[in-house]
Amino acid sequence: MVTVTLFDANHCPGSVMFLFSGYFGDILYTGDFRYKPDIFGAFQLPPIDVLYLDNTYCSPKCFFPTREDVIENILSQVHDCLVKNDRIFLGLDNLGKEDLLLAIAKERNCKIWVNPNRKEVMSIIGFPDIFTSDKSETKIFVVPTNQISIRNMVEWNKEMKTHAILATARFCGFNFKPFSAQSDIHVIPYSNHSSYLELKKFIKEVKPASVIPIVGKHVKGIFGTDISDRADMKVFQEFLRESTVSECVIPASVKRTMSLCELNNNACRPLKKRKIARKMTWRRPLSVGIRYIVSEDSGTDSDPDAIHIEREKTSTSCTEGISELSSSEISENYDSEQSDSDWEVILVTGKGSQKVPVVK
C-alpha cells in the first residue's frame with residue numbers, strides 16, 4: 001500500500017509538500033516552501049528516508065528576516081509614503097505574497113489596485129475583497145517586478161511623487177545591492193522560500209537519512225552568477241540520521257501496473273513515436289532550417305542552400321511544377337513499391353550539387 005499525504009507549503013496559494021509512504025520507505029518532497037515551526041501541524045511525521053529539499057537559498061550568505069518581520073518593515077515604509085500623500089508601486093510576481101497585500105489593506109484600511117487578471121484569480125481562490133481595478137480608488141498599485149526600474153520611476157514621478165517597493169529576496173547572497181543609490185526604490189527581502197537558517201531548523205526537525213536538492217548545481221543565479229554551492233547538501237550532514245531501509249523490493253502488483261501503464265502510453269503515442277519497427281522509405285538528412293522542394297530541375301529554384309528532391313529522368317514527364325513539401329508529407333505519400341521510378345536527394349549549395357544517400 002502506498003499513501004500520499006499533503007501539507008501546506010507556506011509558499012503561494014495552493015502550494016503543497018508531498019509525503020510518499022510505502023514499500024520504498026518514506027519520501028518527503030517539499031517543492032517551493034517557507035519553513036515555519038508548525039509547518040506539519042499536529043501530524044506525526046514518520047522517519048524520512050529521502051528528503052527532496054527546496055534549496056533556493058541554501059547558502060550561509062542567504063540571510064534574511066522572518067516573513068513577519070519583513071511585513072512590519074514594509075508596513076512602516078507604506079505608512080511613511082502615504083503620510084506624504086505619495087503613490088506606491090509594489091513590485092510582485094503574478095502569484096504569491098498575498099498575505100503581504102492583506103496586511104497592507106488591513107493596516108491602511110484601503111483597497112489595492114491590481115490588474116483584472118490577478119483580481120479574478122484572487123476572487124476564484126476566495127481571497128477577501130481588498131482589490132480594485134479602479135486607479136482612482138487607491139494610491140497603492142501592484143505591478144510586475146520587471147517594471148520597477150529607474151527609467152519607469154522617472155516617468156512615474158513626472159505624474160506624481162512615487163515610491164517603489166520591491167518585495168523580494170532574490171538579491172540575497174550576492175555582493176551587490178540593486179537600486180542602492182535610489183532613494184525612491186526600496187528593496188525589502190520578503191521571500192516565499194526558506195532562508196539558510198530556516199533550512200537548518202527544518203532539517204533538524206525532520207532528521208532525514210538523505211537530502212537531495214531540488215535546484216541543481218547547474219542552475220545560474222541572477223546575471224548568470226554561480227550558485228552551485230547552494231546544491232551542496234553536505235552542510236546538513238550533522239543533522240542526518242542513519243538509514244534503516246534495506247534494498248527496495250518492488251511488489252509484483254506494482255510491476256504489473258507499471259507494465260500496463262507503459263503499454264497504454266505506448267499505444268497512445270503518435271505512430272512515428274511508437275517503439276515499433278517499420279519500413280523507412282525516405283529519411284530527411286540531418287539539417288536545420290532548410291526547405292524540401294520537389295521539382296523537375298534543381299536549377300529552377302533561387303535558394304542555393306535548399307534541398308531538392310528530384311525524379312530520375314523517365315519517359316513520363318513531370319507536369320506538377322515546383323511545390324514545397326515537408327519531410328513527413330514526403331515520407332507518408334511516397335511508396336517505393338508502387339512508384340514507377342526512384343527518388344534521389346541532391347543537396348545544392350554554393351559549392352555545387354552533392355547527392356545525399358536515401359534510406360529505403
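Keep in mind that this is a model prediction, so the values were computed, not measured.

Novice: Honestly, the overall build of the protein in this entry has me stumped. Any pointers?
Specialist: When helices and strands are counted, the protein shows seven helices and 16 strands. Considering the protein as a whole, with its 360 residues, one finds that 37% of them fall into the buried category. Surface summary for the protein: the accessible area is close to 21700 Å², and the carbon and sulfur share equals 52%.

Novice: Is there a simple way to explain the nonpolar core in this structure?
Specialist: Nonpolar side chains tend toward joint burial in soluble globular proteins. By size, the foremost hydrophobic cluster in this structure holds 25 residues, and its most contacted members are Ile74, Ile104 and Ile112. Breaking this core down by element, the ones donating at least two residues are α1 (67-83), β5 (87-92), α2 (98-108), β8 (140-144) and β9 (162-167). When residues of this core are assigned to their parent elements, the largest contribution, six residues, is made by α1. Excluding its chain neighbours within four sequence positions, the residues that come into contact with isoleucine 104 are Ile74, Leu75, Val78, Leu90, Asn109, Ile112 and Ile140. In terms of nonpolar packing, the next biggest core, distinct from the first, is built from 23 residues, Tyr35, Leu45, Ile48 and Tyr196 among them.

Novice: Any chance you could explain the sheet that holds strand β1 (residues 3-8) here in plain terms?
Specialist: The pairing of strands in a sheet happens through backbone hydrogen bonds and is either parallel or antiparallel. With respect to topology, five strands assemble into an open sheet ordered β1-β2-β3-β4-β11, the strand pairing being mixed. Two strands close off the open sheet at either side, each with one partner strand: β1 and β11 (211-213). Shown here is a sheet whose adjacent strand axes are inclined to one another by a mean of 15°, direction ignored. In this structure, β1 lies alongside strand β2 (residues 16-22), joined through six bridges in antiparallel fashion. Bridging across to β2, phenylalanine 7 finds its partner in methionine 17. Its contacts with the sheet place helix α5 (residues 196-206) against β3 (25-29), β4 (50-53) and β11, and it is angled at close to 165° to β4.

Novice: Honestly, the pattern of salt bridges in this entry has me stumped. Any pointers?
Specialist: Once their charged atoms are close, side chains differing in charge can pair, the charge on each being opposite to the other. Enumeration according to the criterion identifies eight salt bridges in this entry. With a shortest N-O distance of 3.6 Å, aspartate 99 and arginine 67 are connected by a salt bridge. Of this pair, aspartate 99 sits in helix α2 while arginine 67 sits in helix α1, placing them 32 residues apart in sequence. Given the relative accessible area of 30%, aspartate 99 is considered partly exposed. Residue glutamate 159 is joined to arginine 87 by a salt bridge in which the shortest nitrogen-to-oxygen separation is 3.1 Å. Here glutamate 159 is found in helix α4 (residues 150-159), whereas its partner arginine 87 is found in strand β5, with 72 residues between them in sequence. Judged by its relative accessible area of 9%, arginine 87 falls in the buried class.

Novice: Before we go on, may I ask you to explain the side chain of histidine 163 in this structure?
Specialist: You can see histidine 163 is positioned in strand β9. Owing to a relative accessible area of 9%, histidine 163 belongs among the buried residues under this scheme. With residues near it in sequence (within four places) discarded, histidine 163 still touches Cys81, Asp86, Arg87, Ile88, Phe89, Met153, Ser183, Asp184 and His186.

Novice: Teacher, can you tell me more about the pairing of β3 here?
Specialist: Residues in a regular strand point their side chains to alternate faces of the sheet. Pairing between β2 and β3: five bridges, direction antiparallel. Note on β3: the bridge partner recorded for phenylalanine 20 is isoleucine 27. The hairpin formed by β2 and β3 contains two residues between the paired strands. In this structure, β3 lies alongside β4, joined through three bridges in parallel fashion. Paired with isoleucine 27 across the strands is valine 50, a residue of β4.

Novice: I would appreciate a short explanation of the packing of α1 against α2 in the present structure.
Specialist: Two numbers describe a pair of packed helices, the interaxial angle and the distance between the axes. Packing of α1 against α2 brings their axes to within 10 Å, and their N-to-C directions diverge by 45°. Judged by the angle between their axes, α1 and α2 are oblique. The chirality of how α1 crosses α2 is right-handed. Side by side, α1 and α2 meet where Arg67, Ile71, Ile74, Leu75, Val78, His79 and Leu82 of the first sit next to Asp99, Leu100, Ala103, Ile104, Glu107 and Arg108 of the second. Residues of the contact of α1 with α2, tallied by class, amount to eight nonpolar, one polar and four charged.

Novice: Where do I start with the packing of aromatic side chains in this structure?
Specialist: Each aromatic ring pair is summarised here by two numbers: the centre-to-centre distance and the angle between the ring planes. Under the definition given, this model contains 15 aromatic pairs. On the basis of an interplanar angle of 65° and a centroid distance of 5.1 Å, the ring pair of phenylalanine 7 and phenylalanine 43 is categorised as edge-to-face. Here phenylalanine 7 is found in strand β1, whereas its partner phenylalanine 43 is found in the loop between β3 and β4, with 36 residues between them in sequence. Residue class for phenylalanine 7 comes out buried when judged on its relative accessible area of 7%. The exposure class assigned to phenylalanine 43 is partly exposed, which follows from its relative accessible area of 36%. Taken together, the ring pairs connect Phe7, Phe33, Tyr35, Phe40, Phe43 and Phe202 into an aromatic cluster. Geometry around tryptophan 113 places lysine 135 over its ring, the cationic atom sitting 5.3 Å from the centre.

Criteria and thresholds
Residues numbered from 1 in each chain as written. Predicted model: local features only at pLDDT ≥ 70, side-chain atom pairs only at ≥ 80, totals over all residues. Heavy atoms only, no water. Helix = DSSP H or I, 4+ residues; strand = E, 2+ residues; numbered from the N terminus. Buried < 20%, exposed > 50% of the residue type's maximum accessible area, 1.4 Å probe, protein only. Areas by Shrake-Rupley, 256 points an atom, 1.4 Å probe, with all protein chains shown as cover. Core = buried A, V, L, I, M, F, W, Y, C linked by side-chain atoms within 4.5 Å. Contact = heavy atoms within 4.5 Å. Pairing = 2+ DSSP bridges. Axes fitted to C-alpha atoms, helices over the stretch in contact; angles between N-to-C directions. Salt bridge = Lys/Arg side-chain N within 4 Å of Asp/Glu carboxyl O. Parallel < 35°, antiparallel > 145°, perpendicular 65-115°, else oblique. Left-handed = near helix turned anticlockwise from the far one by under 90°. Nonpolar A, V, L, I, M, F, W, Y, C, P; charged D, E, K, R; others polar. Phe/Tyr/Trp six-rings, centres within 6.5 Å; stacked < 30°, edge-to-face > 60°. Lys NZ or Arg CZ within 6 Å of the ring centre and 35° of its normal.

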